[in-house]
Amino acid sequence: MPDLLFEVDNHIATITLNRPESYNAFSEEMIMKWIEAFETVRDDDSIRVVIVKGNGKAFCAGGDIKAMQAGEGFYRSKEDITSTGLARKNSLWKKIQRIPLLLEEIDKPVIAQIHGFAMGAGLDMALMCDIRIAAKSAKVSESYINVAIVPGDGGAYYLPKLVGIDKALDLLWTARMLTAAEAKEIGLVTFVVEDEELDSFTRSYAEKLANGPQTAIRFIKRAVYQSQKMDLRSALDYISSQMAIVTELDDFKEGVDAVVNKRKPKYQ
């Protein structure tokens, strides 16, 4: 079986990390297939929502600690990814870091479905997603400091945006393990559900988005993220342009008619 599974069903893509014997720690194959999957999601308009999850007992353990112990880098590779600082940088820049860069190009909802452990870069892969749904028993940690390294895949960028600078530094400096409830309390995850409801809740949430007005959903995502980098005048100018477009679409007419007539809308 490949180290990452990718399937599309009823407009919902599911990316499943598939190294359960290693708690879904990174492999080179996993990273490359992850990149390919996100490129497909970005370019295929029939895909409306993405779910990222892990097989086995964990969401993702991040870097492969056994490969690190053997001096092989953050994952095993046939290429030289360890002998120099540049080689180690490129193992991140050309591979692992392609994932957050690709996510920035995807305007469709991306949902992380978290169970078991999400550690270090594994947690950060969830932080890159738009929505994080965690099982009640899940535990998360920014565990980099335990092996005296830094968050190399974007954790230092995403974490403070979600929880604030002081809490981000605390989590990164101490590698403190959080329960799902604790993670939700500080804004690290969006929803916490009973373990046995994780699959059904996530799927139901994804289906609701997949059946919604797609242009409006994608424009909303763009507006939220891009507005973080704009002043108020620029953000308002940008959103008024989006409004001008969506009010010309059939989805707008369908949505208004459905509200007036108290029925469920049927978007194209």
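Owing to the predicted nature of the structure, the values given are computational and were not obtained by experimental measurement.

Peer 1: Please clarify how the overall build of the protein should be interpreted in this entry.
Peer 2: A tally of regular secondary structure across the protein gives 12 helices and nine strands. Scaling as 2.2 N^0.38, a compact globule of 268 residues should have a C-alpha radius of gyration of about 18 Å, and the protein matches this with 20 Å. Considered along the principal axes of its C-alpha atoms, the protein spans approximately 65 × 45 × 35 Å. The buried share among the 268 residues of the protein stands at 44%. Intrachain contacts of the protein at a sequence separation of at least 6 include 63% that bridge at least 24 residues.

Peer 1: Mind showing me how you'd approach the sheet that holds strand E6 (residues 131–135) here?
Peer 2: In a beta sheet, neighbouring strands are held together by backbone hydrogen bonds and run either parallel or antiparallel to one another. Sheet architecture is open: six strands sit in the order E1-E2-E3-E4-E6-E9, paired in mixed fashion. Bordering the open sheet on either side are strand E1 (4–9) and strand E9 (191–193), each of which pairs with just one other strand. Taken pair by pair, the neighbouring strands of this sheet meet at an average axis angle of 20°, ignoring direction. Judged from the three bridges that link them, E6 and E9 form a sheet pairing that is parallel. Residue pairing across strands places Ala-135 opposite Val-193, the latter belonging to E9.

Peer 1: Explain the domain arrangement of the protein to me, please; I cannot follow it from the model alone.
Peer 2: Size of an interface, as often reported, equals the accessible area lost when the parts are brought together. What the domain assignment reports for the protein is domain 1 (4–210) and domain 2 (213–261). Listed as interface residues are 14 residues of domain 1 and, on the opposing side, seven residues of domain 2. Together domain 1 and domain 2 conceal approximately 840 Å² of surface at their shared face, both sides included; 37% is due to carbon and sulfur atoms. When the area that domain 1 buries against domain 2 is broken down by residue, the three leading residues are Asp-107, Asp-130 and Leu-209, summing to 53%. At the junction of domain 1 and domain 2, the tally comes to four salt bridges. The closest approach of N and O atoms between Lys-229 and Glu-104, which form a salt bridge, is 3.3 Å. In terms of residue class, the side of domain 1 that touches domain 2 is built from eight nonpolar, no polar and six charged.

Peer 1: Just to check I follow, could you spell out the packing of helix H10 (residues 214–227) against helix H11 (residues 232–246) for this structure?
Peer 2: Each pair of packed helices gets described by two things: the angle between the helix axes and the distance between those axes. Their axes nearest at 10 Å, the elements H10 and H11 cross at an angle of 175°. What the angle tells us is that H10 and H11 run roughly antiparallel. Contact residues: H10 offers Thr-215, Ala-216, Phe-219, Arg-222, Ala-223, Gln-226 and Ser-227, while H11 offers Ala-235, Tyr-238, Ile-239, Gln-242, Ile-245 and Val-246. Split by residue class, the contact of H10 with H11 holds eight nonpolar, four polar and one charged.

Peer 1: Looking at this structure, I do not really get the side chain of Arg-132. What am I missing?
Peer 2: Tracing the backbone shows Arg-132 in strand E6. One buried charged residue, Arg-132, forms no salt bridge at all, with the nearest opposite charge on Asp-130 at 7.0 Å.

Peer 1: Where do I start with helix H7 (residues 165–174) in this structure?
Peer 2: Those residues of H7 not exposed but buried are Ala-168, Leu-171 and Leu-172. All buried residues of H7 lie within an arc of 95° about the axis, which places them on one face of the element. Looking at H7, the residues exposed on the side facing more than 90 degrees away from the buried face are Asp-166 and Trp-173. At its buried positions, H7 is contacted by helix H6 (155–163) and strand E8 (178–179). Backbone geometry just downstream of H7 places Ala-175 in the positive-phi region, at approximately 55°.

What counts and how
Residues numbered from 1 in each chain as written. Predicted model: local features only at pLDDT ≥ 70, side-chain atom pairs only at ≥ 80, totals over all residues. Heavy atoms only, no water. Helix = DSSP H or I, 4+ residues; strand = E, 2+ residues; numbered from the N terminus. Rg over C-alpha atoms; globule rule 2.2 N^0.38 Å. Buried < 20%, exposed > 50% of the residue type's maximum accessible area, 1.4 Å probe, protein only. Contact = heavy atoms within 4.5 Å. Pairing = 2+ DSSP bridges. Axes fitted to C-alpha atoms, helices over the stretch in contact; angles between N-to-C directions. Domains from an automatic or database assignment. Buried area = accessible area lost by both parts, 1.4 Å probe. Salt bridge = Lys/Arg side-chain N within 4 Å of Asp/Glu carboxyl O. Nonpolar A, V, L, I, M, F, W, Y, C, P; charged D, E, K, R; others polar. Parallel < 35°, antiparallel > 145°, perpendicular 65-115°, else oblique. Lys, Arg positive; Asp, Glu negative; His and termini not counted. Arc of directions from axis to C-beta.

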